Amino acid sequence: MASRKIAVIVGSLRKESFNCKVARTLMLLAGPELDMEIVEIGKLPLYNEDDDANPPPVYTEFRDRIKGYDGVLFVTPEYNRSVPGCLKNAIDVGSRPYGHSAWSGKPAGVVTVSPGAVGGFGANHHLRQMLVFLNMPAMAQPEAYIGGVGKMFDGDTLSNDATRAFLQTFIDAYAAWVERHAD
Ligand code: FNR
């Protein structure tokens, strides 16, 4: 099986982000069939349609980079029952210019992570709504709402065995999902 290149997009810019820690745990758990790397979104200026004719170089770099991946794994917090603005901005940047979206056709995975009990359910499904429009086949099962994350890490290490086992199941299923949607 060929190794598939996966962009990991983390919807938090926070240095000690739990989402980033979960993303890195997923990268450690992934088998050799996935070659995963985090693509930073924090330096993308706010999208302005006026710039379409003359886009900032960071936009072009980001769009070209995303086009080079076989799939995209989103790991994000929930802000006010939706996705954080930085993630929405990155999605908007990658979706333009019209008709040339960098996202189209790439198999997606969605993980939401929160210290709260609901595990970012609202953000998870707002993101899934966007993925429909972006023509990104999103893995349906297993769903990943990681709640109560505040007690799950010892530094950068996931110390909750049940969650680690679940994340293993998730990333293995995502690898199969990517393979199924590979060119
Ligand atoms: C939050 N948080 C939050 N949590 C949640 O479960 N549902 C929500 O709607 C919100 N809303 C929200 C809004 C804003 C502006 C902030 C800053 C935070 C709490 C959030 O889950 C918590 O800060 C996480 O730790 C953020 O993820 P990272 O940065 O740890 O990855």
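In case you missed it, the structure is sitting above this.
Residues numbered from 1 in each chain as written. Predicted model: local features only at pLDDT ≥ 70, side-chain atom pairs only at ≥ 80, totals over all residues. Heavy atoms only, no water.

### Points about the side chain of Ser95
Here's step 1: When you line up the elements, Ser95 lands in the loop between α3 (85-94) and β4 (108-113).
Here's step 2: At a separation of 2.7 Å, a polar atom in the side chain of Ser95 contacts the main-chain carbonyl oxygen of Asp92.
Here's step 3: The contact partners of Ser95, leaving out residues within four places of it in the chain, are Ser101, Trp103 and Leu134. (Helix = DSSP H or I, 4+ residues; strand = E, 2+ residues; numbered from the N terminus. Polar contact = N/O pair within 3.5 Å; in protein donor to acceptor, adjacent residues only side chain to side chain. Contact = heavy atoms within 4.5 Å.)

### Structural notes on the pairing of β4
Here's step 1: The element β4 is extensively covered by neighbouring structure, given that six of its six residues are classed as buried.
Here's step 2: Burial along β4 is two-sided: Ala108, Val110 and Thr112 and Gly109, Val111 and Val113, pointing in opposite directions, are all buried.
Here's step 3: When strand β3 (residues 71-76) meets β4, the two strands line up parallel, connected through five bridges. Each bridged residue has a counterpart across the sheet, and for Phe74 the counterpart in β4 is Val110.
Here's step 4: With α3 bridging β3 and the parallel β4, this β-α-β connection has right-handed handedness.
Here's step 5: With three bridges joining them, β4 and strand β5 (residues 144-146) adopt parallel strand pairing. (Buried < 20%, exposed > 50% of the residue type's maximum accessible area, 1.4 Å probe, protein only. Pairing = 2+ DSSP bridges. Right-handed = clockwise from strand over helix to strand, strands pointing away.)

### Let's talk about the nonpolar core
Here's step 1: Counting 29 residues, the largest nonpolar core has Val22, Leu26, Leu73, Val75, Val111, Ile171 and Tyr174 as its most contacted members.
Here's step 2: Contributing elements (two or more residues each) for this core: β1 (4-10), α1 (18-29), β2 (34-38), β3, β4, β5 and α5 (161-180).
Here's step 3: Per-element tally for this core: the top contributor is α5, with seven residues.
Here's step 4: Beyond its immediate sequence surroundings of up to four residues, Val111 is in contact with Val22, Leu26, Leu73, Phe74, Val75, Thr76, Ala144, Ile146 and Phe170.
Here's step 5: Formed by 27 residues, the second largest nonpolar core is a distinct cluster that contains Leu44, Tyr69, Leu87 and Ala90. (Core = buried A, V, L, I, M, F, W, Y, C linked by side-chain atoms within 4.5 Å.)

Treat this as a map of the structure, not an account of what it does.
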